[in-house]
Amino acid sequence: MTGTLDPTVLNLIIFVLAVFVGYHVIWNVTPALHTPLMSVTNAISSVIIVGAVLAAGPAQIDFGSLMGTAAVALAAVNVAGGFLVTRRMLEMFKKKK
Amino acid sequence: MSANLVALWYLVASVCFILALKGLSSPETARRGNAFGIAGMAIALLVTCAVVAKAGRLDLVLLAMLAGGLIGALAANKVQMTQMPETVAAMHSLVGLAAVLIAFAVVNNPVSFGLQAQIPTGNKLELFIGTFVGAITFSGSIIAFGKLAGLGKSFRLFSSAPVVFPGQHWLNLGLALVMVGFGVAFFLSPDKAWTPFIVMTAIAFALGVLIIIPIGGADMPVVISMLNSYSGWAAAGIGFSLNNSMLIVAGSLVGSSGAILSYIMCKAMNRSFISVILGGFGAAEGSAAQGGADKTVRSGAADDAAFLMSNAESVIIVPGYGLAVARAQHAVKEMAEKLREKGVNVRYAIHPVAGRMPGHMNVLLAEAEVPYDQVFEMEDINGEFGTTDVVLVLGANDVVNPLAYEKGSAIYGMPVLDAHKARTVLVNKRSMASGYAGLDNPLFYLDKTMMVFGDAKKVVEEIVKALH
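None of these values were measured; they are calculated from a predicted model.

Draft legend 1. The overall build of chain A, seen in detail. From N to C terminus, chain A includes four helices and zero strands. Written out in order from the N terminus, the α and β elements of chain A read α-α-α-α. Against the globule reference of 13 Å for 97 residues, chain A gives a C-alpha radius of gyration of 19 Å, more extended than a compact globule. By principal-axis analysis of the C-alpha atoms, chain A measures approximately 60 × 45 × 15 Å. For chain A, with 97 residues in total, the buried portion stands at 58%. For chain A, the proportion of contacts with a sequence separation of at least 24, taken over those separated by at least 6, is 63%. Total accessible area on chain A stands at roughly 4100 Å², and carbon and sulfur atoms take up 70% of it.

This is how it looks when you write it as C-alpha cells:
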C-alpha cells in the first residue's frame, strides 16, 4: 500500500466510531432526562459555530464572511441558550428531603 | 498554534461532549455532565478564535457571538417549562440555518476553511448533504415550532391537526429527486456552481415544510426527536466538508441521540417510523368515537375525588398533555404533598409519549419540585397498578386506553399504563372528546371509574382545598 490517506476516508472512520459511541452513551440516558438530553444535544450540535467563526474570520469582508457572521450569531444563541436552559432544568432534578 | 495542536484541543473538546451525554445517565451526575459540555464548547471556541485571530479579524465574530449569546441567555432564563417543546424546536431550526449559511460561505471561499480553491469532490458531496439536511432541519423545525406553540389559528400550516392533500407524498418524492438531481449537478460542475447549489437549497427548504405539515400534534415527540437527529447530521456533514473531526464527532453524537429517541417514541406508540413520517394519523378524529354515545359514565365532584384519595393507602398519578396545557404541575405537587401527610403512598407514572416531547412530563414535575424518586417510568410501575387503591389520570387518554390489549383496535399492541387494573380510577378530562387516536376509551365506562370533568388545574386545586 502506498500513498496518503484521503481525508474523507479518515473522516468516515471518525464518523462511524462516533456513531457507535453515541449509540452506547445515549441508551444509558435515563428516560426522565430525555428533555435535558434534547436541549444539551442542541447546544452540542451548535459546535458548528466553529465553522461559522472560520467563515467570518477572513480579513476582507465579503459575502462569505457576512454569511459566517450571521451563522456565528445564530449558533451563539443556541450555545448559550442550550447549555443554560439545560442547567436550569437539571437544577430542578434534585432530591428533596 | 500548529494544526496538530488545534486538532488535539478539538479532541479534548470531543471527549468533553461525550462526557456531557454520559452524565445524563442519572440526575446526580447530570449537572457535572453539563459542565463538561460547557468546558468542551469553551475549548472549541477559544482554539478556533485563536486560529482566526492570527490570520484574519475577530471583531465581527466577537460581536455576533456576544449578540447571539445574550439573546440565548435571556431566552434560556425566561422560557417556561411548559414551553420546552417549542423552545427545543426553535433551537433546532437555528442549527439548521447556521449549517446552510456556513455551506454558502464554504462555496464562496473554500480557502478560508483550509480547503483548496477548487473544493475536492469528496468534500463537495458532503457539503451538499450537510446543506440540504440543514435546510430541511430549518424549515421543518419552524413548522414544528408553530405546531407546538399552538399558532395554528393564525397560520394554517402551523395547525396541530395534520395538513394533508392528495398526491402529497408523490410531490415530496418528486421534489426530493429533483433536489438530489441539482445536488449531483453541483457535485459534477468544476467550479463555483451557484445555480444548482441555490436551487437545491431552496427545494430543501420547501421539503422541510412539506414533510412536517401532515404530522399531527401528538406525533410531535417523534418529529422533534427526528429534527434533533437531523440537526446533528447537518453538523456532521459540515464537519466532513471542513475535515473537522470535532464537528463530525459532535454531530454524530447528536444524530444518534435523536435517532434513538425517535425509535423509543415510535416504540411507545407501537407505530413504525415510516407511518409517523407519512403523517395523517388522527385526521379522521371523532368519526371513530361515535360508539360511546349510548354508554354512561359516572361523574363526580372534586370533593368526592379528594375523599377517595385521602382514604386510600396508595395513589398513582398519571399525568398527560392536559396537565401541561393547564399548567397544573404545581397544584398536583401540592395535592400529592397533602396526601403524603395523611400517610398515602403517592407515586407518578409516566408514559414515554405523555406530552409533546420525550421527557416532557418529568421536566414539568421536576419544575414543581416533585422529588424524582417518586416519579416512575412505565415499565417500572406497570406491575403495581393491580395493588393500587386509586389511580388519578390527569389529562391523559390514549396512554391509558385498555383497547391496546384488544386485537383489531387502532392502537392494538401499543404499550399502555394499566390504570384499569387499579381498584378505583379517577379520570380528569375537560370533556368526553376522544383522544388523539380518535378512539373511544373503555376505561371511562368501567364501574370503578369516576370522571371529574374540568380544567386540570382547577380540579386539582379544588381537590387540594377539600383535603385541608
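Draft legend 2. Representation of the sheet that holds strand 1 (residues 314-319) of chain B in the model. Residue and element names in this part refer to chain B. Across the sheet, which stays open at both edges, the six strands sit in the order 3-2-1-4-5-6 with parallel pairing between neighbours. A single partner strand is all that each edge strand has here, and the edge strands are strand 3 (375-377) and strand 6 (449-453). The sheet shows a mean angle of 25° between the axes of neighbouring strands, taken without regard to direction. Where strand 1 and strand 4 (residues 390-394) come together, five bridges link them in parallel fashion. Looking across to strand 4, one finds that Val-318 is bridged to Val-393. Across the face of the sheet, helix 11 (residues 302-310) comes into contact with strand 1, strand 4, strand 5 (424-429) and strand 6 while running at roughly 135° to strand 6. Strand contacts of helix 14 (residues 360-367): strand 1, strand 2 (345-350) and strand 3, with the helix running at about 145° to strand 2, the strand carrying the most contacts.

Draft legend 3. A nonpolar patch on the surface, seen in detail. All names here are of chain B. Together, Met-1, Leu-5, Leu-8, Trp-9, Leu-11, Val-12, Val-15, Leu-19 and Phe-36 give the surface a local cluster of nonpolar side chains, amounting to about 750 Å² of exposed area. The element that contributes the greatest number of residues to the nonpolar patch is helix 1 (residues 3-23), accounting for seven residues. When you line up the elements, Phe-36 lands in helix 2 (residues 27-55). By relative accessible area, Phe-36 is classed as partly exposed at 32%.

Draft legend 4. Seen up close, the pairing of strand 1 of chain B. Residue and element names in this part refer to chain B. Within strand 1, six of the six residues are buried, which leaves the element mostly enclosed by the surrounding structure. Residues Ser-314, Ile-316 and Val-318 of strand 1 are buried on one face, and the alternating residues Val-315, Ile-317 and Pro-319, pointing to the opposite face, are buried as well. Taken together, the four bridges between strand 1 and strand 2 define a ladder with parallel strand orientation. Each residue of the ladder has a partner; that of Ser-314, found in strand 2, is Asn-345.

Draft legend 5. Region of the structure containing the environment of Glu-406 of chain B. By the secondary structure assignment, Glu-406 of chain B is in the loop between strand 4 and strand 5. Sequence separation between Glu-406 of chain B and Lys-124 of chain B is 282 residues, and the spatial gap between their C-alpha atoms is 52 Å.

Draft legend 6. Molecular detail of the pairing of strand 6 of chain B. Residue and element names in this part refer to chain B. Burial analysis of strand 6 places four of its five residues in the buried class, which makes it a mostly covered element. Here strand 5 pairs with strand 6 via five bridges, running parallel. Each residue of the ladder has a partner; that of Lys-429, found in strand 6, is Phe-453.

Draft legend 7. A look at helix 8 (residues 220-241) of chain B. Residues and elements named next belong to chain B. Taking 1.5 Å per residue as the helical rise, helix 8 with its 22 residues ought to reach 32 Å, and the 31 Å between its terminal C-alpha atoms agrees with that figure. Among the 22 residues of helix 8, 20 are classified as buried, and the element is accordingly described as predominantly covered. After helix 8 finishes, the residue Asn-243 shows a positive phi value of roughly 55°.

Draft legend 8. Examining the pattern of salt bridges more closely. Residue and element names in this part refer to chain B. If you walk through the whole model with that rule in mind, you get six salt bridges over all chains. Of the charged contacts in the structure, one is a salt bridge between Asp-59 and Arg-57, with a shortest N-O distance of 2.8 Å. Judged by its relative accessible area of 24%, Arg-57 falls in the partly exposed class. Where Glu-384 meets Arg-347, a salt bridge forms, and the shortest distance between an N and an O atom there is 3.0 Å. A residue pair is termed long-range when its members are at least 10 positions apart, and Glu-384 in the loop between helix 15 (378-381) and strand 4 and Arg-347 in strand 2 qualify at 37 residues. Overall, the relative accessible area of 13% leaves Arg-347 in the buried class.

Draft legend 9. Examining the interface of chain B and chain A more closely. With 100 residues of chain B at the contact, the number on the chain A side is 79 residues. Looking only at chain B, the three residues that lose the most surface to chain A are Leu-24, Arg-31 and Met-41 of chain B, adding up to 8% of its buried area. Counting across the chain B and chain A interface gives zero salt bridges. Residue assignment for the side of chain B that touches chain A shows that the elements contributing at least two residues are helix 1, helix 2, helix 3 (59-78), helix 4 (84-108), helix 5 (121-148), helix 8, helix 9 (245-269) and helix 14 of chain B. Classifying every residue of the side of chain B that touches chain A by side-chain character gives 61 nonpolar, 29 polar and ten charged.

Procedures and definitions
- Residues numbered from 1 in each chain as written.
- Chains lettered and ligands numbered in written order.
- Predicted model: local features only at pLDDT ≥ 70, side-chain atom pairs only at ≥ 80, totals over all residues.
- Heavy atoms only, no water.
- Helix = DSSP H or I, 4+ residues; strand = E, 2+ residues; numbered from the N terminus.
- Rg over C-alpha atoms; globule rule 2.2 N^0.38 Å.
- Buried < 20%, exposed > 50% of the residue type's maximum accessible area, 1.4 Å probe, protein only.
- Contact = heavy atoms within 4.5 Å.
- Areas by Shrake-Rupley, 256 points an atom, 1.4 Å probe, with all protein chains shown as cover.
- Pairing = 2+ DSSP bridges.
- Axes fitted to C-alpha atoms, helices over the stretch in contact; angles between N-to-C directions.
- Patch = residues over 30% accessible without salt bridge, like charges linked within 9 Å, V, L, I, M, F, W, Y side chains within 5 Å.
- Salt bridge = Lys/Arg side-chain N within 4 Å of Asp/Glu carboxyl O.
- Expected span 1.5 Å × (residues − 1).
- Buried area = accessible area lost by both parts, 1.4 Å probe.
- Nonpolar A, V, L, I, M, F, W, Y, C, P; charged D, E, K, R; others polar.

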